[in-house]
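A look at the structure
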Amino acid sequence: MNRVRLVIFNAALGPLDYRVPEGMTVEPGSVVVAPLGPRQIVGIVWEADRLPATEVPDAKLRPLLAVLPVPPLKAELRRLIEWTADYYCASLASVARMVLASGGALRGPATMIEYRLTGGIPERMTPQRHAAIDALEGEQATIRELAGVAGVSEGVLRGLVNQGVLEPVEVDCDRPYPRPRADFATPELTLEQREAADQFVAAVKDGGFAPFLLDGVTGSGKTEVYFEAIATALTKKRQVLVLLPEIALTEAFLRRFEERFGAAPVVWHSSLKSTERRRAWRAIASGDAQVVVGARSALFLPYASLGLIVVDEAHEVSFKQDEGVRYNARDVAVMRARFEGIPVILSSATPALESLQMAEAGVYATVELADRFGGARLPSIDTLDLTKEKPERGRWLAPRLVAAMRERLERGEQSLLFLNRRGYAPLTLCRNCGFRFQCPNCSAWLVEHRLSRRLACHHCGYETEPPARCPECGEPECLVACGPGVERIADEVAEIMPEARLAIATSDTLNSPEKAAAFVSQVEAKAIDVIVGTQLVTKGFHFPELTLVGVVDADLGLEGGDLRAAERTYQQVAQVAGRAGRGEKPGEVLIQTRHPEASVIAALAAGDRDAFYQAETAARRHAGAPPFGRWAAIIVSSEDEAEAKEAANRIGATRPAVPDVHILGPAPAPMSLLRGRYRYRLLVNARRSAELQAIIRGWLGALDFSKGVRVSVDIDPYSFV
Ligand code: ADP
Ligand code: ZN
C-alpha cells in the first residue's frame with residue numbers, strides 16, 4: 001500500500017492522507033493535485049512522521065490525481081516551512097502557500113503571444129494611435145501590458161494589430177534570463193573594503209552556515225563589498241538572494257547591479273505581472289535564475305542551489321510582515337541560511353538592537369566599515385530647538401533651516417526635508433463646528449491629500465472627495481488643516497523660495513519603479529533643488545550634490561510609546577542624515593525638535609551611536625523587552641463588536657498561569673476599528689526561557705470561535721496598534 005501524507009493548501013484542514021496510484025511516483029516535496037470532496041487541491045508530499053497522523057483506513061483513501069511538473073521542494077525548504085509555521089504560530093498550509101507563490105508556474109512549460117511594432121504606419125493616423133506607436137518603441141509584451149505602457153485602451157492596440165502596425169510573436173514563457181558575470185566590472189576596493197570583502201568571499205567559498213553583521217557607516221561601500229561575495233557565488237554557480245526593504249529602491253539597485261555584473265538580476269515582488277512571476281519562479285526552481293533581488297516574499301521561493309543571502313538595510317521595519325503569516329524576513333533569512341548551510345549577510349548602518357546583541361554574543365560575526373568611501377566625511381549634525389528658534393506663525397520650518405536651504409539654492413546644491421507624514425495634513429476639521437473627518441472603517445482620522453484632491457485613510461485605503469460643505473453643520477468651504485504633512489511642507493518651501501524646483505518623494509508620488517527611476521535621474525541631473533520626503537528617502541539613495549538634510553519634526557516618532565520608538569527614530573534620522581554630503585562637498589544636518597535633551601536626539605547630535613545603543617539596551621533589559629525578553633500579541637477581531645469582545649474575554653478567562661509569563665488584557669486595541677473589524681488585544685510578555693509559542697498554541701488551541709471571529713498571533717510584534 002502506497003500511502004502518502006500531504007500538506008494541503010487549506011489552513012482550516014490539517015494534513016491529509018492519500019493513495020499513490022499505480023504508475024505514479026512521488027517523493028517528499030513533490031507538488032501534487034489531490035481530490036478534496038468534489039474539488040481538486042494542490043498539496044505537497046511530506047514526511048508522514050513529521051506531521052500529525054490521520055485516522056482514515058487504507059481502504060478508504062482516495063488516489064492522487066497528478067504530480068505537477070516542477071522540482072520537488074527540497075528538504076531544507078521543508079524544514080524552513082516547518083520552522084516558520086512553528087515559530088510564528090501559523091499553519092503549514094499558509095507558509096507553504098508563500099513557497100508556491102505562482103499558480104501559473106506549476107503548470108509546466110508554455111509559450112504565449114506577445115506583440116511588437118513592425119515599423120508600419122496605420123492607414124488612418126489618429127492622435128491616440130500616434131501616441132501609442134511612440135510609447136511602444138522597443139517594447140514587446142501582451143496586448144494588455146502594452147495598453148498599460150501606452151496608456152490607451154486594448155481596443156486601440158487591436159486596431160493596430162489589424163492594420164499590421166503591431167505583429168504577434170510567439171515567446172517561450174520560460175526563456176532564460178541574461179547571465180550576470182562575476183568579472184564584468186570589478187571595482188578597486190579600499191583596504192578596509194578589501195578586508196571586509198575577503199571575509200565574505202572566504203565564507204561563500206567554504207560554504208556552511210555563517211551569519212554576518214555588515215555594520216558600516218552610510219556611504220562606506222557596503223553594497224560594493226557584498227557584491228564581491230555575490231561574484232564568488234556566481235563563480236561557484238550558486239544562487240544568491242538579495243532582500244531589499246522597498247520596491248521603490250529596486251530600480252537604482254538594478255542599475256548599479258547591471259553596471260557591476262553586466263546583466264540585471266531577476267526581480268521578485270508582489271506587483272509582478274503573472275507572466276513575470278511565472279517565469280521568475282520557474283527559473284528560481286530550476287537554478288537558472290542566478291541572482292534574485294526581492295521583497296521579503298522572495299525568501300520562501302524554491303531556490304535550486306542557494307549559496308548566499310544578503311539582507312540590505314537589515315534594520316528596516318518593512319521586513320516585518322504584519323498580515324497573514326506575521327514573520328520577520330530578517331530573522332527567517334538567518335534561519336533559511338542555517339537550513340541551507342550557507343552564509344547570510346545582514347547589512348546596515350544602524351543595525352537593529354536584536355542584531356547587535358547577536359553579534360555581541362558571538363553568534364553573528366561583525367564586519368565593520370568605519371569610513372565613507374572616497375574621503376567623503378560624515379555630515380555635521382546640529383539640533384534646532386523649536387521652543388527657542390520658532391518658525392513664523394503658521395509655518396513649520398525655523399529661520400535657521402530656511403537660511404541653510406537658501407544657501408544651498410544659491411550654491412546650486414540640493415536640500416532634503418524629511419517628514420514621515422504623507423499628504424497635506426494629518427487631521428482635517430471644520431472651522432465652524434470642529435467636526436473631524438474620520439474613516440468609516442477604522443479608528444483613524446482621514447488625511448487630506450491636496451495633490452490628488454482626496455481625504456484618505458492610511459490604514460484601509462478608504463478615499464473620499466473633500467466635501468464642499470461640512471457634513472455636520474453645513475458650513476461651506478470649511479476645512480482647516482491641522483499639522484503638517486509633506487505636501488504642506490512643500491507648499492511652504494514654494495512660498496518662501498518660489499524659484500526652487502521641488503519634488504515630493506513618498507509612496508504616493510513614487511508608486512511605481514518607473515516613477516522612482518525618473519525621480520532619481522531628475523535629482524542626479526540637478527533638475528531638483530529641494531526634496532521633501534517620507535521614510536522612503538531615508539535609505540539607499542546616493543545624491544552627491546545633496547548637502548543639507550532638515551528633519552522637520554524629530555519628536556514625531558517618539559510619541560505613542562511604542563516599544564521601538566526610540567530605536568526607530570534613531571535609525572530614521574541617522575539614515576536620512578546619511579544622505580547628506582555623500583560626494584566631495586561636506587554635508588550638514590539640522591534636526592528640528594522640542595526635546596533636544598532627549599537621549600535619542602542628544603546621541604544623534606553628538607554622533608555618539610554607542611551612547612544611544614547602550615542607553616537603549618539598558619532600557620530594554622530593564623523592561624524585559626526584546627532581545628532580553630519576548631513579546632507576543634494576540635489580536636481578536638470581528639465585524640461584530642460584541643462577538644469580538646466575547647471571544648477576547650473568553651481567551652482572557654482561560655489564560656494559563658505560567659511562571660515567567662505575564663499576560664495583559666484583553667483590552668480594545670489602540671486601533672479598535674480597522675478595515676471594518678472591531679479589535680481586542682492581549683499582550684504576552686515572557687522571559688526568554690519560557691516556551692512562548694507552545695504556551696500560546698496550547699492556550700488558543702483549546703478554544704473554539706465562531707466563524708466571524710479571527711484570532712491572530714503576532715510573535716515579536718513591531719506594530720502595537
Ligand atoms: P553604503 O551601501 O555603505 O551606503 P555604497 O556601497 O552605496 O555605500 O557606496 C557609496 C558610494 O561610493 C556609491 O556611489 C559607490 O558606488 C561608491 N563606492 C564605494 N566603494 C567604491 C569603490 N571601491 N570604488 C568605486 N566606488 C565606490
Ligand atoms: Zn480606514
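Here we summarise the structure given alongside this text. Note that this is a predicted model, so its numbers are computed, not measured.

1. Description of the environment of His459
Structurally, His459 is set in the loop between β19 (454–456) and β20 (463–464). What makes His459 partly exposed here is its relative accessible area of 36%. Sequence separation between His459 and Val26 is 433 residues; the distance between their C-alpha atoms is 45 Å. Ignoring anything within four residues of it in the chain, the contact list for His459 reads Cys442, Ala444, Met671, Leu674 and Arg675.

2. Notes on the site of ligand 1
In the region of ligand 1, 15 residues are neighbours, and Glu188, Gln193, Gly219, Lys222 and Arg256 sit closest. Within the contact set of ligand 1, a nitrogen atom lies 2.8 Å away from a backbone nitrogen or oxygen of Glu188. In isolation ligand 1 has 550 Å² of accessible area, and contact with the protein removes 79% of it. Element by element, the count of residues in the shell around ligand 1 is highest for helix α7 (residues 222–235), at 3 residues. Of the residues assigned to the shell around ligand 1, the class counts are 3 nonpolar, 7 polar and 5 charged.

3. Some remarks on the coordination of the zinc ion (ligand 2)
Geometry reference: four tetrahedral donors at a metal, ideal angle 109.5 degrees. Six octahedral donors, ideal angles 90 or 180 degrees. Within the protein, the zinc ion (ligand 2) binds to Cys439 (SG), Cys442 (SG), Cys457 (SG) and Cys460 (SG); these donor distances fall in the range 2.2 to 2.4 Å. Angles of 104 to 114 degrees at the metal separate the 4 donor atoms of the zinc ion (ligand 2), which places the site in the tetrahedral class. Taken in chain order, the donor set of the zinc ion (ligand 2) reads C-x2-C-x14-C-x2-C. Of the two residues, Cys442 is situated in the loop between β17 (427–430) and β18 (447–449) and Cys460 in the loop between β19 and β20; the sequence distance between them amounts to 18 residues. Classification of Cys442 as buried rests on a relative accessible area of 1%.

4. Comments concerning empty space enclosed by the protein
Across all of its chains, the model carries 3 cavities of 30 Å³ or more by this definition. Volume-wise, the largest cavity comes out at about 60 Å³. Counting the residues that make up the lining of the largest cavity, at least three belong to each of domain 3 (191–374) and domain 4 (376–421 + 486–617). Split into classes, the residues belonging to the lining of the second largest cavity amount to 8 nonpolar, 1 polar and 2 charged.

5. So, the packing of aromatic side chains
Per the stated rule, a full pass over the model turns up 18 aromatic pairs. A centroid spacing of 4.9 Å and a plane angle of 15 degrees characterise the contact between Trp83 and Tyr87, whose relative ring orientation is stacked. One end of the pair, Trp83, and the other, Tyr87, are both in helix α1 (residues 75–87), 4 residues apart, so they sit about a helical turn from each other. Through successive ring pairs, a cluster of aromatic residues spans Tyr226, Phe227, Phe253, Phe257 and Phe261. The lysine or arginine in question, Arg450, covers the ring of Tyr424, its NZ or CZ lying 3.7 Å from the ring centre.

Basis of the calculations
- Every chain is numbered on its own, with residues counted from 1 as its sequence reads.
- Starting at A for chains and at 1 for ligands, labels are handed out in the order in which the entities are written.
- Only residues with pLDDT of at least 70 get local features here, since the model is predicted, and only at 80 or more are side-chain atom pairs given and counted; chain-wide, interface and lining totals rely on the full set of residues.
- Hydrogen atoms and water are omitted, and side-chain values are computed over all heavy atoms in the structure.
- Only DSSP runs of H or I with at least four residues qualify as helices, and only runs of E with at least two residues qualify as strands; both kinds are numbered from the N terminus onward.
- Three exposure classes are used, based on accessible area relative to the maximum for each residue type with a 1.4 Å probe and protein chains only: buried under 20%, partly exposed in between, and exposed over 50%.
- Throughout, a residue-residue contact means that at least one pair of heavy atoms, one from each residue, lies within 4.5 Å.
- Proximity criterion: a residue is near a molecule or strand once any of its heavy atoms comes within 4 Å of it.
- For the purposes of these results, a polar contact is taken to be a pair of N or O atoms within 3.5 Å, where, inside protein, one atom must be able to donate a hydrogen and its partner to accept one; residues adjacent in sequence count only when each atom of the pair is a side-chain atom.
- Note on areas: Shrake-Rupley with a 1.4 Å probe; residue coverage comes only from the protein chains shown.
- Following the grouping adopted for this structure description, the nonpolar residues are Ala, Val, Leu, Ile, Met, Phe, Trp, Tyr, Cys and Pro, the charged ones are Asp, Glu, Lys and Arg, and the polar ones are all others, Gly among them.
- Counted as donors are the N, O and S atoms within 2.8 Å of the metal, or 3.2 Å for Na, K and Ca, while water is not among the atoms, so some sites may look incomplete.
- Geometry is assigned from donor-metal-donor angles: four donors are tetrahedral when every angle falls between 85 and 135 degrees, four are square planar and six octahedral when opposite donors sit over 155 degrees apart with all other angles between 65 and 115, and any other arrangement is irregular.
- Residues are said to line a cavity or pocket when one of their atoms sits within 4 Å of a point; the points come from a 1 Å grid over protein atoms alone, cavities being sets where a 1.4 Å probe fits but cannot get out and pockets being open sets with protein on both sides within 12 Å along at least five of seven lines.
- Grid points are joined across faces, edges and corners, and a volume is the space filled by probe spheres set on the points.
- How far each domain reaches was decided by an automatic or database domain assignment.
- Working definition: a ring pair exists when centres of Phe, Tyr or Trp rings (six-membered ring for Trp) sit within 6.5 Å. Plane angles under 30 degrees give stacked, over 60 give edge-to-face, the rest tilted.
- In our convention, an over-ring charge means Lys NZ or Arg CZ found within 6 Å of a ring centre and within 35 degrees of that ring's normal.

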